[in-house]
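Understanding the architecture of this molecule
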Amino acid sequence: MKLPIDTTGMTFLAAGPPEPVLDYESKTPKVDENGAPLHSVQLVALNDGGAEVISVKVAGQPKGVSQGTTVKVAGLVATPWSMGDRSGVAYRADQIEPSQASRSAS
């Protein structure tokens, strides 16, 4: 079951740069159903109740995202999972991009 998340009123900060998602066994890059490479971005999700660090997967490499960048997250969904005695929540987004125009290097 995929649960859409309303990100209205939330602020997201990138905790690090996007990293390719690799297959556990073959160590080759994973791709989505359209063949686009998957990337994972650690995000700090801030709202009125506090903050939480989540790992969000997105198809394609987000441009202009580095540690400390404030980002916009479009189409965020949470998918609960369970495997044996382990369980958790996987996060996926349609798009992650900087929320402001990139500052030019001085």
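Residues numbered from 1 in each chain as written. Predicted model: local features only at pLDDT ≥ 70, side-chain atom pairs only at ≥ 80, totals over all residues. Heavy atoms only, no water.

1. Observations regarding the pairing of strand β6 (residues 70-74)
The two faces of β6 differ: V71 and V73 on one face are buried, but T70, K72 and A74 on the other face are not. By the bridge criterion, two bridges tie strand β2 (residues 11-14) to β6 in an arrangement that is antiparallel. Opposite F12, over in β6, you have V71 as the bridge partner. Pairing of β6 with strand β9 (residues 95-98) involves four bridges; the strand directions are antiparallel. Across the sheet, the residue bridging to K72 is E97, located in β9. (Buried < 20%, exposed > 50% of the residue type's maximum accessible area, 1.4 Å probe, protein only. Helix = DSSP H or I, 4+ residues; strand = E, 2+ residues; numbered from the N terminus. Pairing = 2+ DSSP bridges.)

2. Here we look at the pattern of salt bridges
By the definition in use, this model includes one salt bridge. Here K72 makes a salt bridge to E97, at a shortest N to O gap of 3.2 Å. Pair noted here: K72 is in strand β6 and E97 is in strand β9, with a separation of 25 residues, a long-range link. (Salt bridge = Lys/Arg side-chain N within 4 Å of Asp/Glu carboxyl O.)

3. So, the packing of aromatic side chains
Tallied over the entire structure, the rule returns zero aromatic pairs. Note that K27 overlies the ring of Y24, its terminal NZ or CZ placed 5.0 Å from the centroid. (Phe/Tyr/Trp six-rings, centres within 6.5 Å; stacked < 30°, edge-to-face > 60°. Lys NZ or Arg CZ within 6 Å of the ring centre and 35° of its normal.)

4. Some remarks on the environment of G60
On the secondary structure map, G60 appears in the loop between β5 (50-59) and β6. Taking the C-alpha atoms as reference, G60 lies 9.8 Å from P18; in sequence the two are 42 residues apart. Beyond its immediate sequence surroundings of up to four residues, G60 is in contact with A36, P37 and H39. (Contact = heavy atoms within 4.5 Å.)

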